[in-house]
Amino acid sequence: MGDFRYAPLVIFGLAMLSNVVELKTIDVHLLHGGVLHDADERFLSYALDCSLISHQWKTFNATNAKVVALTRALSPAILRLGGTVCDSVLFSPSEKSPSGNSVILHSGDWDRLVTLARQANLTLLFDANVLVRSKDGSWDPDNFLKFLQYNRMKKTDNLMFELGNEPNNYPAYFNVTITGEQLARDFSILRQIVDRDPFYRGSAIVGADIGNPYLHGKIFP
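Cut-off values and rules
- Residues numbered from 1 in each chain as written.
- Predicted model: local features only at pLDDT ≥ 70, side-chain atom pairs only at ≥ 80, totals over all residues.
- Heavy atoms only, no water.
- Helix = DSSP H or I, 4+ residues; strand = E, 2+ residues; numbered from the N terminus.
- Buried < 20%, exposed > 50% of the residue type's maximum accessible area, 1.4 Å probe, protein only.
- Contact = heavy atoms within 4.5 Å.
- Areas by Shrake-Rupley, 256 points an atom, 1.4 Å probe, with all protein chains shown as cover.
- Phe/Tyr/Trp six-rings, centres within 6.5 Å; stacked < 30°, edge-to-face > 60°.
- Pairing = 2+ DSSP bridges.
- Axes fitted to C-alpha atoms, helices over the stretch in contact; angles between N-to-C directions.
- Core = buried A, V, L, I, M, F, W, Y, C linked by side-chain atoms within 4.5 Å.
- Parallel < 35°, antiparallel > 145°, perpendicular 65-115°, else oblique.
- Left-handed = near helix turned anticlockwise from the far one by under 90°.
- Nonpolar A, V, L, I, M, F, W, Y, C, P; charged D, E, K, R; others polar.
- Salt bridge = Lys/Arg side-chain N within 4 Å of Asp/Glu carboxyl O.
- Right-handed = clockwise from strand over helix to strand, strands pointing away.

**Observations regarding the overall build of the chain**
Turning to step 1, where the next piece is worked out: Each helix and strand in the chain was counted, giving six helices and eleven strands.
Turning to step 2, where the next piece is worked out: By the burial criterion, 36% of the 221 residues in the chain qualify as buried.
Turning to step 3, where the next piece is worked out: In the chain, once contacts between residues fewer than 6 apart in sequence are set aside, the share between residues at least 24 apart is 69%.
Turning to step 4, where the next piece is worked out: On the chain, roughly 13800 Å² of surface is accessible, and the fraction owed to carbon and sulfur atoms is 57%.

**Comments concerning the packing of aromatic side chains**
Turning to step 1, where the next piece is worked out: According to the stated counting rule, one finds eleven aromatic pairs in the structure shown.
Turning to step 2, where the next piece is worked out: Between F126 and F147, the ring centres sit 3.9 Å apart and the planes meet at 15°, which makes this aromatic pair stacked. A residue pair is termed long-range when its members are at least 10 positions apart, and F126 in strand β7 (residues 122–128) and F147 in helix α4 (residues 142–153) qualify at 21 residues.
Turning to step 3, where the next piece is worked out: Its relative accessible area of 7% is what places F126 among the buried residues.
Turning to step 4, where the next piece is worked out: With a relative accessible area of 1%, F147 lands in the buried category.
Turning to step 5, where the next piece is worked out: Each member of the aromatic cluster is reached from another via a ring pair, and the members are F91, W110, F126, W139, F144, F147, Y150, F161, F199 and Y200.

**Section: the environment of F43**
Turning to step 1, where the next piece is worked out: With respect to the helices, strands and loops of the structure, F43 is situated in the loop between β2 (20–32) and β3 (46–49).
Turning to step 2, where the next piece is worked out: For F43 and P76, which are 33 residues apart along the polypeptide, the C-alpha to C-alpha distance reads 9.0 Å.

**Structural notes on the sheet that holds strand β9 (residues 205–206)**
Turning to step 1, where the next piece is worked out: Read across the sheet, five strands follow the order β3-β4-β7-β8-β9 without closing on themselves; strand pairing throughout is parallel. Each edge of the open sheet is held by one strand with a lone partner, namely β3 and β9.
Turning to step 2, where the next piece is worked out: Along the sheet, helix α6 (residues 180–196) makes contact with β8 (159–163) and β9, crossing β8 at roughly 155°.

**So, the nonpolar core**
Turning to step 1, where the next piece is worked out: Of all hydrophobic cores here, the largest spans 46 residues; its most connected members are W57, F60, L81, L105, W110, F144 and F161.
Turning to step 2, where the next piece is worked out: Per-element tally for this core: the top contributor is helix α3 (residues 107–120), with six residues.

**What to know about the packing of helix α2 (residues 65–73) against α3**
Turning to step 1, where the next piece is worked out: Between α2 and α3, the shortest axis-to-axis distance is 8 Å and the interhelical angle comes to 50°. Taken together, the axes of α2 and α3 are oblique relative to one another. Read as a crossing pair, α2 and α3 show a hand that is right-handed. On α3, the residues that touch V67, V68, T71 and R72 of α2 are L116, Q119 and A120.
Turning to step 2, where the next piece is worked out: Classifying every residue of the contact of α2 with α3 gives four nonpolar, two polar and one charged.

**Notes on the pattern of salt bridges**
Turning to step 1, where the next piece is worked out: One pass over the full model with this rule turns up nine salt bridges.
Turning to step 2, where the next piece is worked out: Its salt-bridge partner being D186, residue R133 comes within 2.9 Å of it at the nearest N-O pair. A residue pair is termed long-range when its members are at least 10 positions apart, and R133 in the loop between β7 and α4 and D186 in helix α6 qualify at 53 residues.
Turning to step 3, where the next piece is worked out: R133 sits in the partly exposed class, given a relative accessible area of 25%.
Turning to step 4, where the next piece is worked out: When salt bridges that share partners are traced, they join R80, D127, E162 and D209 into one network.

**Description of the pairing of β7**
Turning to step 1, where the next piece is worked out: Within β7, seven of the seven residues are buried, which leaves the element mostly enclosed by the surrounding structure.
Turning to step 2, where the next piece is worked out: Along β7, one buried face is formed by L122, L124, F126 and A128 and the opposite face, lined by T123, L125 and D127, is buried too.
Turning to step 3, where the next piece is worked out: As defined by bridge partners, β7 adjoins β8 across five bridges and the pair is classed as parallel. When the sheet's bridge partners are listed, L125 is paired in β8 with M160.
Turning to step 4, where the next piece is worked out: As for the winding sense of the linkage, the β-α-β connection from β7 through α4 to β8 is right-handed.

This is the structure:
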């Protein structure tokens with residue numbers, strides 16, 4: 001059975017009704033001498049919140065030498081650009097801002113993140129806006145296709161993709177509900193688009209992620 005070692009684990013639980021402390025002892029046996037699983041070397045990774053885009057990157061400078069040095073020291077890792085605001089973001093392949101109320105990720109700002117990733121040995125994870133919807137209720141991939149085309153032209157490699165941020169919180173934050181079945185269909189569209197692109201075929205797609213389902217005491221599905 002291998003080399004087992006014994007370790008006691010004591011758990012204290014409060015008995016709320018009787019106001020006494022109940023003591024329980026649990027035997028935990030730890031297995032040594034074998035590897036059960038090797039974690040990806042990028043397991044410990046980090047993220048940039050898309051709110052940086054709406055604030056014109058005032059608190060983050062991707063070209064700063066200290067930022068490059070510190071992120072390189074934490075590599076290899078995945079650098080995710082995501083968060084709640086990502087579902088308001090549209091990509092612009094130029095420095096011009098389209099009309100409307102969307103948060104615009106300009107190509108120049110994205111290019112600086114790509115340069116940082118290359119200098120620091122990072123994999124970029126882009127969280128695409130899933131709240132851009134077609135008339136039939138499905139995800140509209142038009143803006144993502146522009147993003148993909150731009151990166152293919154720039155030969156941006158080492159990219160991963162995600163679709164939406166914490167969809168279980170959409171009723172609270174956006175007054176929108178996307179069912180699990182519909183979200184699965186949207187992810188299927190994303191997978192098909194990525195695999196049709198010779199440059200990005202087979203790239204990793206992650207998600208869907210979930211956040212805290214509680215907001216002001218209300219539980220969201």
